[in-house]
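# Inside the fold
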Amino acid sequence: MENSASSEQNQNHCSAINNSVPLIQGTLPTLTLSGKIRVTVTFFLFLLSTTFNASFLWKLQKWTQKKEKGKKFSRMKVLLKHLTLANLLETLIVMPLDGMWNITVQWYAGELLCKIFSYLKLFSMYAPAFMMVVISLDRTLAITRPLPVQSSRKLEQFMTGLAWVLSSVFAGPQLYIFKVIHLENGSGQKEVFSQCVTHCSFPQWWHQAFYNFFTFSCLFIIPLLIMLICNAKIIFTLTQVLHQDPHKLQLNQSKNNIPRARLRTLEMTVAFATSFIVCWTPYYVLGIWYWFDPGMLNRVSDPVNHFFFLFAFLNPCFDPLIYGYFSL
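Criteria and thresholds
- Residues numbered from 1 in each chain as written.
- Predicted model: local features only at pLDDT ≥ 70, side-chain atom pairs only at ≥ 80, totals over all residues.
- Heavy atoms only, no water.
- UniProt positions renumbered as here; feature names shortened; annotations may be inferred.
- Helix = DSSP H or I, 4+ residues; strand = E, 2+ residues; numbered from the N terminus.
- Buried < 20%, exposed > 50% of the residue type's maximum accessible area, 1.4 Å probe, protein only.
- Contact = heavy atoms within 4.5 Å.
- Salt bridge = Lys/Arg side-chain N within 4 Å of Asp/Glu carboxyl O.
- Axes fitted to C-alpha atoms, helices over the stretch in contact; angles between N-to-C directions.
- Parallel < 35°, antiparallel > 145°, perpendicular 65-115°, else oblique.
- Left-handed = near helix turned anticlockwise from the far one by under 90°.
- Nonpolar A, V, L, I, M, F, W, Y, C, P; charged D, E, K, R; others polar.

### A short note on the UniProt feature "transmembrane region" (unreviewed entry) in the protein
Mapped onto this numbering, the UniProt entry gives "transmembrane region" (unreviewed entry) at residues 37-58, 78-97, 117-137, 158-178, 209-230, 270-292 and 304-326. A helix fraction of 100% and a strand fraction of 0% characterise residues 78-97, whose end C-alpha atoms lie 29 Å from each other. The span residues 158-178 carries 81% helix and 0% strand; its end-to-end C-alpha distance comes to 31 Å.

Here you go:
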């Protein structure tokens, strides 16, 4: 009986929201000073990330088309190309959307674009995370279990294709759960506020909690664990090599350059993992805190919230510098 009553109350509340509910005008959100700073920094990072990733993607494309005698296009450069494309997609979708949405405060683009942009935003966040997982797995396999060129190329194509497909599929629910709600002034005669939200899209509260946890796990926890495991495996393998022959890593001019490649792979994958952890952890810590304690928004100042959120935007800016340094 209690569950039935609770469900009925929830339906009535959601029905009131969908049919526009009264709102006191003084409570409408506005663009604050800290919000203006966030917008400025967001568009600065947008220009920075677009320049870095577009430039590196152009270089990778030139390397792809370049046909030098006796030189094959490396599998790693193919993976870097996919990661750069994913980072560029995230930059072109998430950053301008966040910047413009903070300027307008409310949503003016209608229901259809609310769903489409919500889908594209999550899709473009999944793609870089999954591509980093692919690179970590590929580098680990290349070091611990080297495969013939043809087999490794097929595996690389399968993993990158799967990363794009999973990004597309996992972002699919956004098309259903996001919608525009309208809030009106006290007289009910004039619409004063519209927002693109997930409010009342889930029958029960735990449905939304499960969806949030699933998204959080796929975007952060699972990629992080895979990268840590891969790094540990690489370190273990390199340690074994050093114990067998401590001088091997000094043979830079030797035809057998596997030890040096292993060392550079270790450095690059550690740099990837470090960038991922440093840039995304503050963002997701705030998210987890909010899930368990929604009242934290009243205890954490807006500048702190904005600062931690902007930290995540540094990841696509750092990635071109990291893989550019270690792969050229």
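### Focus on the side chain of threonine 160
Tracing the sequence through the fold places threonine 160 in helix α5 (residues 149-170). On the basis of relative accessibility, which here comes to 3%, the residue threonine 160 falls in the buried class. Excluding its chain neighbours within four sequence positions, the residues that come into contact with threonine 160 are Leu79, His82, Met131 and Val134.

### Brief notes about the pattern of salt bridges
Summed over all chains, the structure comprises two salt bridges. The salt bridge involving aspartate 98 is made with arginine 38; its shortest N-O contact spans 2.6 Å. Placement of the pair is aspartate 98 in helix α3 (residues 75-104) and arginine 38 in helix α2 (residues 33-65), with a sequence separation of 60 residues. What makes aspartate 98 buried here is its relative accessible area of 9%. Residue arginine 38 is classed as buried on the basis of its relative accessible area, which comes to 11%. Here aspartate 138 ties to arginine 139 by a salt bridge, and the two come within 2.7 Å at their closest N and O atoms.

### Brief notes about the packing of α3 against helix α4 (residues 110-144)
Running from N to C, α3 and α4 point in directions that differ by 160°, and their axes come no closer than 9 Å. One element, α3, and the other, α4, form an angle in the roughly antiparallel class. The handedness of the crossing between α3 and α4 is left-handed. Looking at the contact of α3 with α4 residue by residue, the class counts come to 20 nonpolar, three polar and five charged.

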